[in-house]
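An overview of the molecular structure
So you can see what is in the structure, the chains are spelled out below.
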Protein chains: 2
Amino acid sequence: MIKVAVDAMGGDYAPTEMVAGAVAAVNANKEIRILLVGQESVVSEELSRHTYPNDQIQVVNATEIIETGESPVHAIRKKKDSSIVVGMNLVKQKEADAFVSAGSSGAILVGGQVIVGRIKGVERPPLAPLIPTEKGVSLLIDCGANVDARPSHLVQFARMGSLYMEHVMGIKNPRVAIVNIGAEEEKGNALVKETFPLLKECEDLNFTGSIEAREIPHGGADVIVCEAFVGNVILKLYEGVGATLISKVKSGMMGSLRSKIGALLVKPALKETLKSFDASQYGGAPLLGLNGLVVKTHGNSKAVEVKNSILQCVTFKEQGINDKIRESLKSKNEGTPSGHTTMPIKNGQE
Amino acid sequence: MIKVAVDAMGGDYAPTEMVAGAVAAVNANKEIRILLVGQESVVSEELSRHTYPNDQIQVVNATEIIETGESPVHAIRKKKDSSIVVGMNLVKQKEADAFVSAGSSGAILVGGQVIVGRIKGVERPPLAPLIPTEKGVSLLIDCGANVDARPSHLVQFARMGSLYMEHVMGIKNPRVAIVNIGAEEEKGNALVKETFPLLKECEDLNFTGSIEAREIPHGGADVIVCEAFVGNVILKLYEGVGATLISKVKSGMMGSLRSKIGALLVKPALKETLKSFDASQYGGAPLLGLNGLVVKTHGNSKAVEVKNSILQCVTFKEQGINDKIRESLKSKNEGTPSGHTTMPIKNGQE
């Protein structure tokens, strides 16, 4: 049995889609218990529209909401009764195994570190979304708040990402690569040049070297290691170029009567194709390295993505990923050159 | 009259497409003289297949070729009779106004600095490709070799890019933005946080603040300022996602008889649409801030891109961009906080 706290109030389509996603998840899997966190009256009213096994969903009241525009650090500190803080405290107190939210990324990243706390030995917890490729999906690690990371952080990202892809996504011996501006080892900025030899030394990783951004959509690696600024650019550009091209293709087809008729005929096939390139099919992004699991789903998540994010938590727990991370860092930390753990916000400060 | 040296030997389709592009350029514009640099017998034989005004194209012999895999610094130093070194020397000696090459990016970047040399006051010459957007094109500056740039470099990139977009591309008061991971001023890595206030102070720029990668394909800014590592990731991911999606769309349409018929009907309209998202329509990437002009075209350039790159040089010269850059840096350098000019390779070293 797994207990997942779900933020009913965060995201563009909250609470409707968040509640619908939770319902879909319990209807799909009997082993899940959901704690729906949010304003009780609002959440209960949404719930009343659905049919589901009543003992699998419970509402947990949280009167406040953290808005996207708010300063994350300030919001986490002040809004003690917000759905994010209440949900994360459930994980901290082991009343839930995981927390899923489509709310403010900043607040989720800060709350994950401050409330849930890091696994001992983890220097920085990376946010690691799955991105669609020609061959399936790849894990992009890190897209979180850890800008200006150090080489030792990137080595930990690689280890955690590799464990995730192997045990949650079922990819045997996942190929790990570092984002670079050329394939040769001597290429790159200072961070990449320092990190590259450290990754090469990791005997527990299937490190395949550098990956140029062009190769990412082709599925050139299973675990794509980068610093958060670069990761954020990759993630958002992926979405931006995809959306622009698809809208161009659609409007291009509306240009003449001939192509309009053609568009009607290709539509079903095209829809199926583009679905495979839609990030929402693959659930949310885990914030790895925490004492529990926090999953950030897209702000514009609909029920299907919420459901997939919840189901992802089941595999995560079943596979004991956090134990594996603990084990991996414990046995390797002696060998890594940097063991210090400076953090922008101290764990347990809240 | 403008004289353009063209590297006949560089690029995946050299010499055939390079020569064909040169011929197309002189047939399109009577004011261009081309110096086709390469192995004389090979180039002359290619030329003999074309019809063009003979006085507009001249072959300049260069016996060596710099390969893509070679160390750029070493190749520029040793291969004195390569098409890249000979072509750049023509610019240095004012026998040509510009040099166009589809050869080794590294060698072009190094040669530009070492042989052609920087305009006085330019700290680092940025490589600035035009990328297609929903609204037209944007200039991505820098995608070159200047990784780990400093804030003062980025301010110069913004100035040079703005002049280029205004006077070569004809965009009045171009919107200048810096690539960031959020719209708010306090977001970003150390480099962006330091650069942002400097750009805000530039009264000669229409600085519109941060741009998230998602907004780039939507045409969110005309000049997109970033450090070279990030720029390279953006450029290559742009190409990668585009190519993957287009191939997915095509194969998706071949899935059933119904969609195959539809594909035949939409094909012409779709082709036209996708053409507008094809970088090769917009010529090559100028390496700005040099005593002369160096344009790097895609390695896989066909004649049309070579031709467009050559025509781009005409506008560049007509508009006196280098004089405008000189003027802009002269009048502003007093005001910028950092005036030092450390360089990876010293100008004039060769």
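These numbers were taken from a predicted model, which means no experiment stands behind them.

Cut-offs applied
Here, residues in each chain are numbered from 1, in the same order as that chain's written sequence. Chains carry letters and ligands carry numbers; both start at the beginning, A for chains and 1 for ligands, and go up in the order they are written. Where totals are concerned, whole chains, interfaces and linings use all residues; where local detail is concerned, this predicted model gives features only for residues with pLDDT of at least 70, and gives and counts side-chain atom pairs only at 80 or more. Processing note: side-chain calculations cover all non-hydrogen atoms of the structure and skip hydrogens and water entirely. The fit set for superposing copies consists of C-alpha atoms from residues with pLDDT of at least 70 in both; the fit itself is least squares. What makes two residues a contact is simply this: any of their non-hydrogen atoms within 4.5 Å. Only DSSP runs of H or I covering at least 4 residues are called helices, and only runs of E covering at least 2 are called strands; the numbering of each starts at the N terminus. Simply put, the buried area is the total loss of 1.4 Å probe accessible area from both parts when two parts are fitted together. One side-chain nitrogen of Lys or Arg within 4 Å of one carboxyl oxygen of Asp or Glu is enough to make a salt bridge. N or O atoms within 3.5 Å of each other form a polar contact, as long as, within protein, one can give a hydrogen and the other can take it, and as long as residues adjacent in sequence are counted only when both atoms are side-chain atoms. Each residue is assigned to one class: nonpolar for Ala, Val, Leu, Ile, Met, Phe, Trp, Tyr, Cys and Pro, charged for Asp, Glu, Lys and Arg, and polar for all the others, Gly among them. Paired strands, as defined in this entry, are two strands with at least two bridges between them according to DSSP. Every angle, taken between N-to-C directions, lies between 0 and 180 degrees, and every axis is a line fitted to C-alpha atoms, over only the stretch in contact when it is a helix. Where each domain starts and ends comes from a domain assignment, either automatic or drawn from a database. With respect to orientation, any angle under 35 degrees is reported as roughly parallel, any angle over 145 as roughly antiparallel, any angle of 65 to 115 as roughly perpendicular, and every other angle as oblique. If you view the pair so one helix is near and one far, a crossing is left-handed when the near helix is turned anticlockwise from the far one by less than a right angle, and right-handed when it is turned clockwise.

1. Quick look at the relation of the copies chain A and chain B
Look at the two chain copies: a rotation about an axis and a shift along it is all it takes to match them. Overlaying chain A with chain B gives an RMSD of 0.0 Å, the required rotation being 180° about an axis along which the chain moves by 0.0 Å. Such values leave the two copies arranged in the relation of a two-fold axis. For chain A, the smallest separation between a C-alpha atom and the rotation axis is recorded for Gly262(A), amounting to 1.9 Å. Take the interface residues of chain A: 100% of them recur as interface residues in chain B, which is what a same-surface contact looks like.

2. Topic: the environment of Arg77(B)
For Arg77(B), the position within the fold is in helix 3 (residues 72-78). In this structure the C-alpha to C-alpha distance between Arg77(B) and Ala107(B), which are 30 residues apart in sequence, comes to 9.9 Å.

3. Thoughts on the interface of chain A and chain B
Taken residue by residue, the interface counts 51 residues in chain A and 51 residues in chain B. Interface of chain A and chain B: buried area, both sides summed, is about 4800 Å²; carbon and sulfur atoms make up 74% of it. Between the two partners, chain A and chain B, sit four salt bridges. The partner of Glu239(B) in a salt bridge is Arg214(A), and the shortest N-O contact between them spans 3.2 Å. Joining chain A to chain B, the criterion identifies 15 residue pairs in polar contact (both at pLDDT 80 or more). Looking at the side of chain A that touches chain B, the elements that each hand over two or more residues are strand 7 (175-180), helix 7 (190-201), helix 8 (228-253) and helix 9 (257-275) of chain A. Looking at the side of chain A that touches chain B element by element, the count peaks at 19 residues for helix 8 of chain A. Partitioning the side of chain A that touches chain B into residue classes produces 28 nonpolar, 15 polar and eight charged.

4. A short note on the sheet that holds strand 10 (residues 285-287) of chain B
Residue and element names in this part refer to chain B. Spatially, six strands are ordered 3-2-1-4-11-10 in an open sheet, and the strand pairing comes out mixed. Each having just a single partner strand, strand 3 (57-61) and strand 10 make up the two edges of the open sheet. Direction aside, the axes of adjacent strands within the sheet are offset by 25° on average. Across the sheet, helix 5 (residues 105-116) touches strand 4 (98-101), strand 10 and strand 11 (293-296), and the angle it forms with strand 11 is around 175°. Contacts from helix 10 (residues 303-318) reach strand 1 (2-7), strand 2 (32-38), strand 4, strand 10 and strand 11, with the element oriented near 145° to strand 1.

5. A look at the sheet that holds strand 5 (residues 130-132) of chain A
All names here are of chain A. Across the sheet, five strands lie side by side as 5-6-9-7-8; this open sheet has mixed pairing. The sheet terminates laterally at strand 5 and strand 8 (206-212), the two strands that pair on one side only. Each strand of the sheet is rotated relative to its neighbour by a mean of 35°, with strand direction disregarded. Bridge count for strand 5 against strand 6 (residues 137-141) is three bridges, and the pairing is antiparallel.

6. As for the domain arrangement of chain A
Interface extent is often summarised as the accessible area lost during association of the parts. All names here are of chain A. Here chain A is partitioned into domain 1 (1-122 + 289-350) and domain 2 (126-279). On a C-alpha basis, the centres of domain 1 and domain 2 stand 24 Å from each other. Taken together, the contacts link 23 residues of domain 1 with 17 residues of domain 2. Buried surface at the junction of domain 1 and domain 2, both sides included, amounts to about 1800 Å², of which 66% is carbon and sulfur.

7. What to know about the packing of helix 1 (residues 16-28) of chain B against helix 10 of chain B
A pair of packed helices is characterised by two quantities: the angle between their axes and the separation of those axes. Residue and element names in this part refer to chain B. Axis separation between helix 1 and helix 10 bottoms out at 7 Å; the angle between their running directions is 50°. Classed by the angle they form, the pair helix 1 and helix 10 counts as oblique. With respect to the hand of their crossing, helix 1 and helix 10 are arranged in right-handed fashion. On helix 10, the residues that touch Glu17, Met18, Ala20, Gly21, Ala22, Ala24, Ala25 and Ala28 of helix 1 are Ala303, Val306, Lys307, Ile310 and Leu311. Here the residues of the contact of helix 1 with helix 10 are counted per class, giving ten nonpolar, one polar and two charged.

8. Regarding unusual backbone geometry
All names here are of chain A. With an omega of -5°, the peptide bond between Ala14 and Pro15 qualifies as cis. Mapped onto the secondary structure, Pro15 falls in the loop between strand 1 (2-7) and helix 1 (16-28). One non-glycine residue, Lys94, adopts positive backbone phi at about 60°. Within the secondary structure, Lys94 is located in the loop between helix 4 (83-92) and strand 4 (98-101).

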